[in-house]
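# Structural overview for review
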Amino acid sequence: MQSTFVPEAPRQFSILGVSVDLLPDYLQWLTQRIIQGLGTHVVTLNAEMTMQTEVDPLLAEIIEAAELVIPDGAGIVLYLRLYGEQIPRCPGIELSEALLRCAAAQPQPWSVFFFGGAPEVVSAAAEQWQQRLPKLALVGTQHGYLKSEDTPAFLETLSTRQPQIIFVGLGVPRQEYWIAQHRYLCPHALWIGVGGSFDIWAKRKTRAPKWLRNNNLEWVYRLYQEPWRWRRMLALPQFAWRALMAKFG
Ligand code: UDP
């Protein structure tokens, strides 16, 4: 029997004007919402994205409207620590993996959809997960380089299949714009922007080693793996400076 428990609204904390949600267990909260069929947009907040909201009011508005904003980046967790909030990092990729396992483990597996990444990437990611979780109800995939003439057919597919969880990997802020614009198609679904997770699941890229992740240094590894990110990453020292000024300035 389905529970009628409606998950409580999480406690919020403002990170330089962007609200992040503080919960002891994000997966459990989302599981309840999926069971209830409550449409949910999950934003995985990091320092770079926080700085982006200052020059992108639409992105700020979308994050504000999202039902759940998780502390994805090390910068967010360190910021929270400055104020005595001891919340562990909740990387979007790990939450997404937990959601996939949870979806496949249901007596009637929840349906999931992968959208984004290069054509060979999204199909390899799908294959990997299907092998790992044979019960996974992956009801479709779509790469993220769709021609405009093919878009209506894709939207129709989403609308007909009504997946319960939709993973959107188009990068920030494209995926956030896309979800905000199209979530009406599957109003009961959980939508989550997963950035480059398909590349990792497809084994085209790797995550930072655990010791770097545990020391809040995943960004160093990303810079090493994708040096062209350096310009985007200038937002990190800027964020650190703003965080210190907000606290001690
Ligand atoms: N991507 C896409 N369509 C586009 C642009 C990008 O599907 O038009 C994909 C790209 O192939 C990659 C992901 O979006 O898989 C972006 O990954 P990135 O690690 O840059 O994400 P971010 O750091 O912005 O979250």
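Residues numbered from 1 in each chain as written. Predicted model: local features only at pLDDT ≥ 70, side-chain atom pairs only at ≥ 80, totals over all residues. Heavy atoms only, no water.

The chain is annotated in an unreviewed UniProt entry as WecB/TagA/CpsF family glycosyltransferase from Petrachloros mirabilis ULC683.

## Brief notes about unusual backbone geometry
In this structure, the amide linkage connecting Val172 to the following residue, Pro173, adopts the cis form with an omega of 5°. With respect to the secondary-structure elements, Pro173 resides in the loop between β7 (165-169) and α8 (174-182). Positive phi, close to 45°, is recorded for Leu16, a residue that is not glycine. Positive phi values are uncommon outside glycine, yet Lys203 reaches one of about 65°. Checked against the element boundaries, Lys203 lands in the loop between α9 (197-201) and α10 (210-214). (Helix = DSSP H or I, 4+ residues; strand = E, 2+ residues; numbered from the N terminus.)

## Quick look at the packing of aromatic side chains
One pass over the structure, following the stated rule, counts 15 aromatic pairs. Over the ring of Tyr83 we find Lys247, and its NZ or CZ is 4.7 Å from the ring centre. (Phe/Tyr/Trp six-rings, centres within 6.5 Å; stacked < 30°, edge-to-face > 60°. Lys NZ or Arg CZ within 6 Å of the ring centre and 35° of its normal.)

## Some details on the site of the ligand
Around the ligand, the structure places 16 residues, and the nearest of them are Gly117, Gly144, Tyr145, Asp199 and Arg222. A distance of 3.4 Å separates an oxygen atom of the ligand from a polar backbone atom of Gly171. Here an oxygen atom of the ligand and a side-chain polar atom of Arg229 are 2.9 Å apart. Protein chains shield 82% of the accessible area of the ligand, which is 560 Å² for the free molecule. For the shell around the ligand, a count of residues per class yields four nonpolar, seven polar and five charged. (Near = heavy atom within 4 Å. Polar contact = N/O pair within 3.5 Å; in protein donor to acceptor, adjacent residues only side chain to side chain. Areas by Shrake-Rupley, 256 points an atom, 1.4 Å probe, with all protein chains shown as cover. Nonpolar A, V, L, I, M, F, W, Y, C, P; charged D, E, K, R; others polar.)

## Notes on the packing of helix α4 (residues 74-82) against helix α13 (residues 235-248)
Where α4 contacts α13, the axes come no closer than 11 Å and their chain directions differ by 10°. Between α4 and α13, the crossing angle belongs to the class labelled roughly parallel. From α4, Gly75, Ile76, Tyr79 and Leu82 reach across to α13, where they touch Phe239, Ala243, Ala246, Lys247 and Phe248. Across the contact of α4 with α13, the residue classes break down as seven nonpolar, one polar and one charged. (Axes fitted to C-alpha atoms, helices over the stretch in contact; angles between N-to-C directions. Parallel < 35°, antiparallel > 145°, perpendicular 65-115°, else oblique. Contact = heavy atoms within 4.5 Å.)

## Some words on the pairing of strand β1 (residues 11-15)
For β1 and strand β2 (residues 18-22), the ladder comprises five bridges, and the chain directions are antiparallel. From the neighbouring strand, Ile15 faces β2, where its bridge partner is Val18. (Pairing = 2+ DSSP bridges.)

## Let's talk about the sheet that holds strand β4 (residues 68-71)
Ordered by their spatial adjacency, six strands build an open sheet running β4-β3-β8-β7-β5-β6, and the pairing between neighbours is parallel. The open sheet has two edge strands, β4 and β6 (137-142), and neither has a second partner. Between one strand and the next, the sheet's axes are offset by a mean angle of 20°, whatever the strand orientation. Where helix α5 (residues 92-105) meets the sheet, it contacts β3 (40-45), β4, β5 (111-116), β7 and β8 (190-193), and its direction lies at approximately 150° from that of β7. Here α8 sits on the sheet in contact with β3, β5, β7 and β8, set at roughly 160° to β8.

## Side note on the nonpolar core
Core analysis: the biggest nonpolar cluster contains 58 residues, and Val20, Leu95, Leu100, Phe114, Ile165, Phe167 and Trp201 have the highest contact counts within it. The greatest single-element share of this core, amounting to seven residues, is contributed by α5. In this structure, Phe167 is in contact with Ser96, Leu99, Leu100, Val112, Phe113, Phe114, Phe115, Ile192, Val194, Phe198 and Trp201, ignoring residues within four places of it in sequence. One finds Phe113, Phe154, Ile166 and Val168 within the second-largest nonpolar core, a separate group that totals 14 residues. (Core = buried A, V, L, I, M, F, W, Y, C linked by side-chain atoms within 4.5 Å. Buried < 20%, exposed > 50% of the residue type's maximum accessible area, 1.4 Å probe, protein only.)

## Side note on the environment of Arg132
Within the secondary structure, Arg132 sits in helix α6 (residues 119-132). Classification of Arg132 by relative accessible area gives partly exposed; the value is 43%. A C-alpha to C-alpha distance of 16 Å links Arg132 and Ile93, two positions 39 residues apart in sequence.

## What about the state of the cysteines?
For the structure shown, the criterion picks out zero disulfides. A disulfide-free cysteine, Cys90 has its sulfur positioned 13 Å from the sulfur of Cys102, the nearest such atom. For Cys90, a relative accessible area of 10% translates into the label buried. Using a relative accessible area of 15% as the deciding quantity, one classes Cys102 as buried. (Disulfide = S-S within 2.5 Å.)

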